[in-house]
Amino acid sequence: MKKRRYSVILGNLGNTCDRFCSQYKNNPPALEMLQAAAEIPHVSGIELVGTWDIRPDNAAEMKRMLSDLGLACVSIIPDLFSKPEFAKGAYSNPDGKSRQLAIDETRRMCDIALDLGCEMLNLWPGQDGYDYLLSTDYEKERELACQAIAELATAYPTLRFALEYKPKEPRTHCYLARMADTILMAQETACSNVGVTMDVGHSFVAGENPAEAVVLARRAGNRLFHMHFNDNYRSWDDDMIVGSVHTTVYLELLYWLDRCGYDGWISMDQYPYREDAVGAIGESIEWLVKFDAILEANRETFDELLALGNPVETSRALRGML
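Residues numbered from 1 in each chain as written. Predicted model: local features only at pLDDT ≥ 70, side-chain atom pairs only at ≥ 80, totals over all residues. Heavy atoms only, no water.

Section: the overall build of the chain
Looking only at helices and strands, one finds 11 helices and 10 strands in the chain. Its C-alpha atoms give the chain a radius of gyration of 19 Å, within 12% of the compact-globule value 20 Å for 322 residues. Each of the three principal axes of the chain carries a C-alpha extent, and together these read 60 × 45 × 40 Å. Within the span of the chain, comprising 322 residues, buried residues form 53% of the whole. Counting contacts in the chain only where the partners sit at least 6 residues apart, residues at least 24 apart contribute 77% of the total. (Helix = DSSP H or I, 4+ residues; strand = E, 2+ residues; numbered from the N terminus. Rg over C-alpha atoms; globule rule 2.2 N^0.38 Å. Buried < 20%, exposed > 50% of the residue type's maximum accessible area, 1.4 Å probe, protein only. Contact = heavy atoms within 4.5 Å.)

Things to note about the nonpolar core
Ile 76, Tyr 91, Phe 161, Met 227, Phe 229, Leu 257 and Leu 288 are the most contacted members of the largest nonpolar core, which has 89 residues in total. Once residues lying within four places of it in the same chain are set aside, the contact partners of Phe 229 are Val 200, Val 242, Tyr 250, Leu 253, Leu 254, Leu 257, Ile 266, Ser 267, Met 268, Asp 269, Gln 270 and Leu 288. Within the second largest apolar cluster, 5 residues are counted, among which are Ile 9, Val 49, Ile 77 and Trp 124. (Core = buried A, V, L, I, M, F, W, Y, C linked by side-chain atoms within 4.5 Å.)

Observations concerning the environment of Arg 259
Here Arg 259 shows up in helix α8 (residues 248–259). For Arg 259, a relative accessible area of 52% corresponds to the exposed category. When the C-alpha atoms of Arg 259 and Val 214 are compared, they prove to be 9.9 Å apart, with 45 residues separating the residues in sequence.

Observations regarding the pattern of salt bridges
Tallying each qualifying case throughout the model produces 15 salt bridges. A salt bridge links Arg 64 to Asp 68; the shortest N-O distance between them is 3.2 Å. Residue Arg 64 and its partner Asp 68 are located together in helix α2 (residues 59–69), separated by 4 residues, close to a single helical turn. Since its relative accessible area comes to 56%, Asp 68 is described here as exposed. A salt bridge links Glu 296 to Arg 299; its shortest N-O distance comes to 2.2 Å. Members of the salt-bridge network, linked through shared partners, are Arg 4, Asp 258, Asp 292, Glu 296 and Arg 299. (Salt bridge = Lys/Arg side-chain N within 4 Å of Asp/Glu carboxyl O.)

Here we look at the pairing of strand β1 (residues 5–9)
Consecutive side chains along a regular strand alternate between the two faces of the sheet. β1 sits mainly inside the fold: 4 of its 5 residues count as buried. In terms of strand pairing, β1 meets strand β10 (residues 265–268) through 4 bridges, oriented parallel. Following the sheet pairing, Ser 7 is matched in β10 by Ser 267. In this sheet, strand β2 (residues 43–49) lies alongside β1 in parallel orientation, the contact comprising 4 bridges. When the bridges of β2 are listed, Val 8 appears paired with Ile 46. Viewed along the sheet, the connection from β1 through helix α1 (residues 30–38) into β2 turns out right-handed. (Pairing = 2+ DSSP bridges. Right-handed = clockwise from strand over helix to strand, strands pointing away.)

Some thoughts on the environment of Ser 203
Looking at the element boundaries, Ser 203 is found in helix α6 (residues 200–205). For Ser 203 and Ala 213, which are 10 residues apart along the polypeptide, the C-alpha to C-alpha distance reads 8.2 Å. When residues no more than four places from it in sequence are discounted, the contact partners of Ser 203 are Tyr 165, Met 198, Glu 208, Asn 209, Pro 210 and Arg 234. A polar side-chain atom of Ser 203 sits 2.8 Å from a polar atom in the side chain of Glu 208. (Polar contact = N/O pair within 3.5 Å; in protein donor to acceptor, adjacent residues only side chain to side chain.)

Considering the packing of aromatic side chains
Under the criterion given, the structure shown has 12 aromatic pairs. Their ring planes at 45 degrees and their centres at 6.1 Å tell us that Tyr 130 and Tyr 175 sit as a pair that is tilted. Taken together, the residues Tyr 130 in strand β5 (residues 129–130) and Tyr 175 in the loop between β7 (173–174) and α5 (179–188) connect sequence positions 45 residues apart. Across the pair, exposure class does not vary: Tyr 130 and Tyr 175 are buried alike. (Phe/Tyr/Trp six-rings, centres within 6.5 Å; stacked < 30°, edge-to-face > 60°.)

With respect to unusual backbone geometry
Along the chain, Glu 169 connects to Pro 170 via a cis peptide bond; the corresponding omega equals 10 degrees. Summarising the element assignment, Pro 170 is placed in the loop between β6 (160–164) and β7. The phi dihedral of His 42 is positive, around 80 degrees, even though this residue is not glycine. Turning to its location among the elements, His 42 is positioned in the loop between α1 and β2. Even without a glycine there, the phi angle at Leu 134 is positive, about 55 degrees. For Leu 134, the position within the fold is in the loop between β5 and α4 (138–155). With relative accessibility at 87%, the residue Leu 134 sits in the exposed group.

Comments concerning a negative patch on the surface
Where like charges cluster on the molecular surface, the negative patch consists of Asp 137, Glu 139, Glu 143 and Glu 188. Along the chain, the position of Asp 137 falls in the loop between β5 and α4. (Patch = residues over 30% accessible without salt bridge, like charges linked within 9 Å, V, L, I, M, F, W, Y side chains within 5 Å. Areas by Shrake-Rupley, 256 points an atom, 1.4 Å probe, with all protein chains shown as cover. Lys, Arg positive; Asp, Glu negative; His and termini not counted. Charge placed at Lys NZ, Arg CZ, Asp CG, Glu CD.)

Some points on the side chain of Thr 182
Structurally, Thr 182 is set in helix α5. For Thr 182, a relative accessible area of 0% puts it in the buried group. Residues contacting Thr 182, with those up to four places away along its chain left out, are Leu 163, Tyr 165, Leu 176, Ala 177 and Val 196.

On their own, these measurements won't tell you what the molecule is for.
Structure below.
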């Protein structure tokens, strides 16, 4: 097994608000959050959100801080979700001005990524979707989104564009809702540098088995570019500590990530509203390290259990491992 590379979305270490409370915590300066991330065991990478964390006016300073702390910029996430201009969509917005704003914002982040030596844009177009029936031209808006993504991927062939899917929130229905939807969009762009980000929590909410979804991406031509890890109860994107709800799911997921040859980053995407952020994110990583240790000690057993196909024997073996 290749050594895992762990990273953190920088904003998870700051103030994490929701629609009921706008400030559970104070939001520290970027340097303090970066220093906190660097102190979390196993962390060597950072994801930055465009405008929130990284902008043209602070890119040089951010580059210096990352270098000083020995942290790689894993991906940049353009802000396609918090601006009122994108209320009716970013890449799929029927209004050409709003759609161009989304493309221009992504281009700015692409230029910064190249300067930082960052190889990936993580695209979460959370506002691209719909809320009400018989109010949306699904075909037209999907085509607009596809054209925008293809334009960006063609303009920046050395960058990888990872489409992050989520079935709902902020829209009641998001166009990139499941692994299969997102693979289809990636293939329709006809760009080999367009793939998928799987957020495990989003996969739960979508009703998927994350391990099976990994296999789909592998069979579609190694389209799994990036991973976000967290946990939830499957009804909402709770962004909880890994392992706080699920156990066997993560063991199977890590097994299939290895078997499918995934060598990308394992990034923590959590919203520790009330918990100590460093502690909560650190716990997620330690759980994954623990799951990996179980997997490494029992890899042949996992192979044998799949070949055997006996759920009772699988249960017995897992109980012994735990």
